[in-house]
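Single-letter residue listing:
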Amino acid sequence: MKPVIGIVPSLQLLDARYSYTMRPNNAEAISDHGGLPLLLPYTEDESALSQMLFLVDGIYFTGGCDILPSYFGEEPIQTLGSLCPPRDAFEIALYRLS
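Residues numbered from 1 in each chain as written. Predicted model: local features only at pLDDT ≥ 70, side-chain atom pairs only at ≥ 80, totals over all residues. Heavy atoms only, no water.

**Here's the deal with the sheet that holds strand E5 (residues 58–61)**
The 3 strands lie next to each other as E4-E1-E5, forming an open sheet whose pairing is parallel. The open sheet terminates on both sides in strands that have one partner only, identified here as strand E4 (36–39) and E5. Strand-to-strand twist across the sheet, computed as the mean angle between neighbouring axes with direction ignored, equals 30 degrees. As paired elements, strand E1 (residues 4–8) and E5 share 4 bridges and run parallel to each other. Each bridged residue has a counterpart across the sheet, and for glycine 6 the counterpart in E5 is isoleucine 59. (Pairing = 2+ DSSP bridges. Helix = DSSP H or I, 4+ residues; strand = E, 2+ residues; numbered from the N terminus. Axes fitted to C-alpha atoms, helices over the stretch in contact; angles between N-to-C directions.)

**As for the pairing of strand E2 (residues 10–14)**
As defined by bridge partners, E2 adjoins strand E3 (residues 17–21) across 5 bridges and the pair is classed as antiparallel. Of the residues in E3, the one forming a bridge with glutamine 12 is serine 19. Here E2 folds back onto E3, and the loop between the two strands holds 2 residues, one of which, aspartate 15, carries a positive phi near 55 degrees.

**A word on the side chain of glutamate 91**
Of note, glutamate 91 is situated in helix H3 (residues 85–97). Relative accessible area serves as the criterion here: at 16%, glutamate 91 is assigned to the buried category. Look past the residues within four positions of glutamate 91 in its chain and what remains in contact with it is Val8 and Phe61. (Buried < 20%, exposed > 50% of the residue type's maximum accessible area, 1.4 Å probe, protein only. Contact = heavy atoms within 4.5 Å.)

What follows is the structure, encoded as structure tokens:
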């Protein structure tokens, strides 16, 4: 059986609705190296996160927006890029449980 690799997608606001987005090369890289990519939807529900972690053999954090400075006890600076608070919350919760 192929290892299942959970992918954390990006979140974009399109037409007043949020949509998950991901570049195809993220899933292709996993497939090309013998894995089975699985997109992970955002949630902070600990039970759902635990189930996700049970289903996957690894997690691929694709990167993206800057992380909220408040997670580090910092204030925003002028050169701060775009932020995605829902993604920050999901990734941190997922990482802490893994």
